[in-house]
Amino acid sequence: MSESPSGSPSGSGGSPADSDATDHVETARARPARDRLASLFSGVDGTLVPVVVASLAVVGIGGLIQVSFGTYSMTAVEAWRAVVDPAVWGHPGLLAEFFLGETLGGLLAAQFGWATDVALAHPTLIVWTVRLPRVLVAVLVGANLAISGAIFQAVTRNELASPYILGVSSGAGLAILLTLVVFSGMSAFLPIFAALGGTVAFLVVYAIAWKGGTSPVRLVLAGVIVGTVFQSLQTGLFFFADDLGVVQSAIAWTTGSLTGTDWEQVRLALPWTVLALGFALAGSRQLNVLLLGERTARSLGMSVERVRFALSGVAILAAAAAIAVAGIVGFVGLIVPHMVRTLVGSDYRQLIVGCAFVGPALLVGADVGARLAMDPVQIPVGIVTGLVGGPYFLYLMRRQDQLGDL
């Protein structure tokens, strides 16, 4: 039998020492990837998993109820078959047109040769073109408002903080009313004006609160002042509206409503939701440090004002994405972080993830109530969240002696 130059048999595949060395090198190369993966999930413990599973169950059941009821009624089984219809899921071109629009989705489908001219059964057509987008918008709006509220509460170190308290919602509402009442010809740009209004409002709040720096107390007080002024201006604008239809549309926007939402709203909110969630998760460590107090954060080398302003921008982005498609939905950004904090703790690596699931569950459930409570009349979802959020907030006040501080 021939020998290899190293003295080992040519068919043996090398000595045990060589094999051990190779295994050691491969293990060393794989270790950094495992370490990064472990670091990513280091803040996740067993308390978060049941919250995520329960939230997904609520969204699934609520969404199924939503797509089952309407002028064309169908059973839950028929609705489920329409949702998972292979005629939709088996044609990527059709999904591309739903989520990206006919222009961009059509170009993508043409590039890859995907068919878009697909005949759909009547139940499938109703579910996918009319009812399912409303559920998806509720998911996106709930996630955005919950994440926005959680960030604002950390930035101000105050459990009472939310997009509504800090004036963001009031600024967006004023921009909506100005567009509908004064500049009605520009109503097509309503979502953009809503986002700009919320941004301007928070910048005013930040400018008022600035005095060689800001503080959580000054931010909240400035937000209450700006919100009150903007709400007064909103009320005054109603006196200048002559068209009853304009008044009803404005009330729906300022109360928060998902009626009439379609794939256009999904496409508008989805990219900003992904960005806001990504930035919030990336900034979760800084949010945890802010909770320790300004003095501690500075001692750890953090530029507090810069980080606070940047994270506030993420919260504004999330709130604006929600307001732009559903109007002002109250209490979600206030109570969801409380609920999640009670369940998973105050670690923002878990809190942000929990809010991204519990927020949609709350809003999908509330929208089921808004749609079916007075059927066939549909009430704004913001009314339902207010009816749910108010008693829950009173419960928190009775339960906690130090409500207001994180």
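Heads up: the structure comes first, above all this text.
So, here is what we can say about the structure in this document. Position numbers for residues count from 1 along each chain, tracking the sequence in the order it is written. Restriction of local features to residues with pLDDT of at least 70 applies here, the model being predicted, together with a cutoff of 80 or more for giving and counting side-chain atom pairs; totals for whole chains, interfaces and linings are based on all residues. Hydrogens and water molecules were not included; the side-chain quantities draw on all heavy atoms of the structure.

## A word on the overall build of the protein chain
Only runs of H or I of at least four residues qualify as helices and only runs of E of at least two qualify as strands under DSSP, and these elements are numbered from the N terminus. Each helix and strand in the protein chain was counted, giving 18 helices and zero strands. Working definition: with a 1.4 Å probe on protein chains only, accessible area under 20% of the residue-type maximum means buried, over 50% means exposed, and in between means partly exposed. When burial is assessed residue by residue, the protein chain has 46% of its 406 residues classed as buried. Partitioning the intrachain contacts of the protein chain with sequence separation of at least 6 by distance along the chain shows that 75% fall at a separation of at least 24. Residue exposure ignores everything except the shown protein chains as possible cover, and the areas themselves are Shrake-Rupley values with a 1.4 Å probe. For the protein chain, the computed accessible surface area is about 20,200 Å², with 66% contributed by carbon and sulfur atoms. When checking whether two residues touch, look at their non-hydrogen atoms; a contact exists if any pair is within 4.5 Å.

## A word on unusual backbone geometry
Leave glycine aside and you will find that most residues have negative phi; peptide bonds, for their part, are mostly trans. Although it is not a glycine, Phe331 sits at a positive phi angle of roughly 75 degrees. Within the fold, Phe331 resides in the loop between helix 15 (304-326) and helix 16 (332-344). You can call Phe331 partly exposed: its relative accessible area is 31%.

## Re the environment of Cys355
Relative to the elements of secondary structure, Cys355 occurs in helix 17 (residues 348-372). Residue classification places Cys355 among the buried positions, given a relative accessible area of 0%. A sequence separation of 211 residues divides Cys355 from Asn144, and the C-alpha atoms of the two residues are 8.7 Å apart. Setting aside residues no more than four positions away along its own chain, Cys355 makes contact with Ala143, Ala146, Ile147, Ala150, Val336, Pro337, Val340 and Pro360.

## Brief notes about the packing of helix 9 (residues 190-209) against helix 10 (residues 216-237)
Relative to each other, helix 9 and helix 10 sit at 130 degrees, their axes nearing to 8 Å. Considering the angle they form, helix 9 stands oblique to helix 10. The crossing of helix 9 and helix 10 is right-handed. Here Ala201, Val204, Val205, Tyr206, Ile208 and Ala209 of helix 9 come into contact with helix 10, specifically with Arg218, Leu219, Ala222, Gly223, Val226 and Phe230. Classifying every residue of the contact of helix 9 with helix 10 by side-chain character gives ten nonpolar, one polar and one charged. Every angle, taken between N-to-C directions, lies between 0 and 180 degrees, and every axis is a line fitted to C-alpha atoms, over only the stretch in contact when it is a helix. For this classification, under 35 degrees means roughly parallel, over 145 means roughly antiparallel, 65 to 115 means roughly perpendicular, and everything else is oblique. Each crossing gets its handedness from the near helix: less than a right angle anticlockwise from the far helix is left-handed, clockwise is right-handed. Throughout this entry, Asp, Glu, Lys and Arg are counted as charged residues, while Ala, Val, Leu, Ile, Met, Phe, Trp, Tyr, Cys and Pro are counted as nonpolar. The remaining residues, Gly among them, count as polar.

## With respect to the side chain of Glu305
Looking at the element boundaries, Glu305 is found in helix 15. On the basis of relative accessibility, which here comes to 16%, the residue Glu305 falls in the buried class. Polar contacts, as used here, are pairs of N or O atoms within 3.5 Å; protein pairs need one atom able to donate a hydrogen and one able to accept it. Residues neighboring in sequence count only if both atoms are side-chain atoms. At 2.9 Å, the side chain of Glu305 forms a polar contact with the side chain of Tyr206. In terms of polar contacts, Glu305 uses its side chain to reach the side chain of Arg308, at 3.3 Å.

## Comments concerning helix 8 (residues 168-182)
Residues lying three or four places apart along an α-helix face the same way, a consequence of the helix completing one turn every 3.6 residues. The terminal C-alpha atoms of helix 8, which comprises 15 residues, lie 21 Å apart, in line with the 21 Å expected from a rise of 1.5 Å per residue. Most of helix 8 is tucked away: 13 of the 15 residues are buried. A helix is expected to span 1.5 Å for every residue after the first.

## Structural notes on helix 9
Between its first and last C-alpha atoms helix 9 spans 29 Å; for 20 residues at 1.5 Å apiece the expected length is 28 Å, and the two agree. Residues Leu190, Ala194, Gly197, Gly198, Ala201, Phe202, Val205, Tyr206 and Ala209 constitute the buried set of helix 9. Structurally, helix 9 contributes buried residues whose contacts are with helix 7 (122-156), helix 8, helix 10, helix 11 (244-255) and helix 15.

## Quick word on the environment of Val226
By the secondary structure assignment, Val226 is in helix 10. The buried category is assigned to Val226, whose relative accessible area is 4%. Sequence separation between Val226 and Gly167 is 59 residues; the distance between their C-alpha atoms is 5.8 Å. In this structure, Val226 is in contact with Ala201, Val204, Val205 and Ile208, ignoring residues within four places of it in sequence.

## Some words on the packing of aromatic side chains
Ring pairs are drawn from Phe, Tyr and Trp, using the six-membered ring of Trp, whenever the two centres fall within 6.5 Å, and their geometry is named by plane angle: stacked under 30 degrees, edge-to-face over 60, tilted for the rest. As enumerated under the stated definition, the model contains ten aromatic pairs in all. With a centroid separation of 5.1 Å and 20 degrees between ring planes, the pair formed by Phe98 and Trp263 is classed as stacked. Linking Phe98 in helix 5 (residues 92-100) with Trp263 in helix 12 (residues 263-282), this pair joins segments that are 165 residues apart in sequence. For the pair formed by Phe98 and Trp263, the shared burial category is buried. Between the aromatic rings of Trp128 and Trp263, the centroid separation amounts to 6.4 Å while the plane-to-plane angle is 10 degrees, which identifies the pairing as stacked. Of the two residues, Trp128 is situated in helix 7 and Trp263 in helix 12; the sequence distance between them amounts to 135 residues. Like Trp263, Trp128 is buried.

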